[in-house]
Amino acid sequence: RMENTRDPRAYQRALEEERALSEEGECPDGFFCSPCVEKLHLNTRREDMEEFMFLGLRKTEGVRLSQFEKGFGVDFFQVYPDQVKQLKERGLLAQEGDRLFLTPRGIDISNSVMCEFLF
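Here's a quick rundown of the structure. Please read all numbers here as calculations on a predicted model, not as lab measurements. (Residues numbered from 1 in each chain as written. Predicted model: local features only at pLDDT ≥ 70, side-chain atom pairs only at ≥ 80, totals over all residues. Heavy atoms only, no water.)

1. A closer look at the sheet that holds strand S5 (residues 99-102)
Strand order in this open sheet of 3 strands is S3-S5-S4, and the pairing throughout is antiparallel. Edge positions in the open sheet fall to strand S3 (63-64) and strand S4 (93-96), since each of these has one partner strand only. (Pairing = 2+ DSSP bridges. Helix = DSSP H or I, 4+ residues; strand = E, 2+ residues; numbered from the N terminus.)

2. Comments concerning helix H3 (residues 65-72)
Taken as a whole, H3 has its buried residues at Leu65, Phe68 and Phe72. Summarising the axial view, the buried residues of H3 lie within an arc of 55°, below the 170-degree limit, and thus occupy one face. Exposed and oriented more than 90 degrees from the buried face of H3 are Lys70 and Gly71. In the core, the buried residues of H3 are packed alongside helix H2 (45-56), S3, helix H4 (76-79), S4 and S5. Of the residues trailing H3, Gly73 is marked for its positive phi of about 70°. (Buried < 20%, exposed > 50% of the residue type's maximum accessible area, 1.4 Å probe, protein only. Arc of directions from axis to C-beta. Contact = heavy atoms within 4.5 Å.)

3. Notes on a nonpolar patch on the surface
Taken together, the side chains of Met2, Leu40 and Leu42 make up a nonpolar region of the molecular surface, amounting to roughly 310 Å² of accessible area. Its location among the elements puts Met2 in strand S1 (residues 2-4). The class of Met2 is partly exposed, set by a relative accessible area of 40%. (Patch = residues over 30% accessible without salt bridge, like charges linked within 9 Å, V, L, I, M, F, W, Y side chains within 5 Å. Areas by Shrake-Rupley, 256 points an atom, 1.4 Å probe, with all protein chains shown as cover. Salt bridge = Lys/Arg side-chain N within 4 Å of Asp/Glu carboxyl O.)

4. A short note on the environment of Gly62
Positionally, Gly62 belongs in the loop between H2 and S3. In this structure, the C-alpha to C-alpha distance between Gly62 and Thr103, residues 41 residues apart in sequence, is 9.9 Å. Residues in contact with Gly62, not counting those within four places in the same chain, are Gly56, Leu100 and Phe101.

5. Points about the nonpolar core
Counting residues in hydrophobic clusters, the biggest one holds 20 residues, and the most contacted among them are Met53, Phe68, Phe76, Tyr80, Leu93, Leu100 and Phe117. Contributing elements (two or more residues each) for this core: H2, H3, H4, helix H5 (83-89), S5 and helix H7 (110-115). Sort the elements by how many residues they give to this core and H3 lands first, with 3 residues. Discounting residues that sit within four places of it in the chain, Phe68 has contacts with Met49, Phe52, Met53, Gly73, Val74, Phe76, Val79 and Tyr80. (Core = buried A, V, L, I, M, F, W, Y, C linked by side-chain atoms within 4.5 Å.)

6. Thoughts on H2
Structurally, the α-helix is built with 3.6 residues per turn, so residues lying three or four positions apart point the same way. End to end, H2 covers 16 Å across 12 residues, agreeing with the expected 16 Å (1.5 Å per residue, within 8%). All of the buried residues along H2 are Met49, Glu50, Met53 and Gly56. All buried residues of H2 fall inside an arc of 150° around its axis, so they share one side. Looking at the buried side of H2, the elements it contacts are S3, H3, H4 and S5. (Expected span 1.5 Å × (residues − 1).)

7. Topic: the packing of H2 against H3
Orientation of H2 relative to H3, taken along the N-to-C sense of each, is 165°, at an axis distance of 11 Å. Between H2 and H3, the crossing angle belongs to the class labelled roughly antiparallel. Relative to H3, H2 is oriented so that their crossing is right-handed. Taking contact as the criterion, the partners of Arg45, Asp48, Met49, Phe52 and Met53 in H2 are, on H3, Gln67, Phe68 and Phe72. (Axes fitted to C-alpha atoms, helices over the stretch in contact; angles between N-to-C directions. Parallel < 35°, antiparallel > 145°, perpendicular 65-115°, else oblique. Left-handed = near helix turned anticlockwise from the far one by under 90°.)

The structure is reproduced here in C-alpha cells:
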C-alpha cells in the first residue's frame, strides 16, 4: 500500500522530480521509487488473508475457497476453522460448493461478519 503526499504543492514538485527521474532512467521500480509516495506498507501474509476475505465478502458472489488455497498455499478451513461454522449457524454466511458468501441477513450486518475474519 502506498500513500502519496497530501500537500498539493509537494505533490506537484514530486511529480516534476519523478518525470525528471524517469527521463534519466533512474527509476527501475516504477511507482515504488516515486517521490510522490510518502508512505509504503508491505502487507504481511496474514494481512493479505484478511484483505482477501474482507474484500471478497463484499462481492455478491463472495469468495472462492480454491482461490484462497491457491493464493496462500493453505486450506481455508485450517486458517479459519471456527468462523464459518459459527457464522453459518447464525444464518449470516452460506456455502455452495467452492463459493462462500454472505446471506441476505449477513449483508445487513456485513461489517460484523467480516470482522470475524480479522486476526
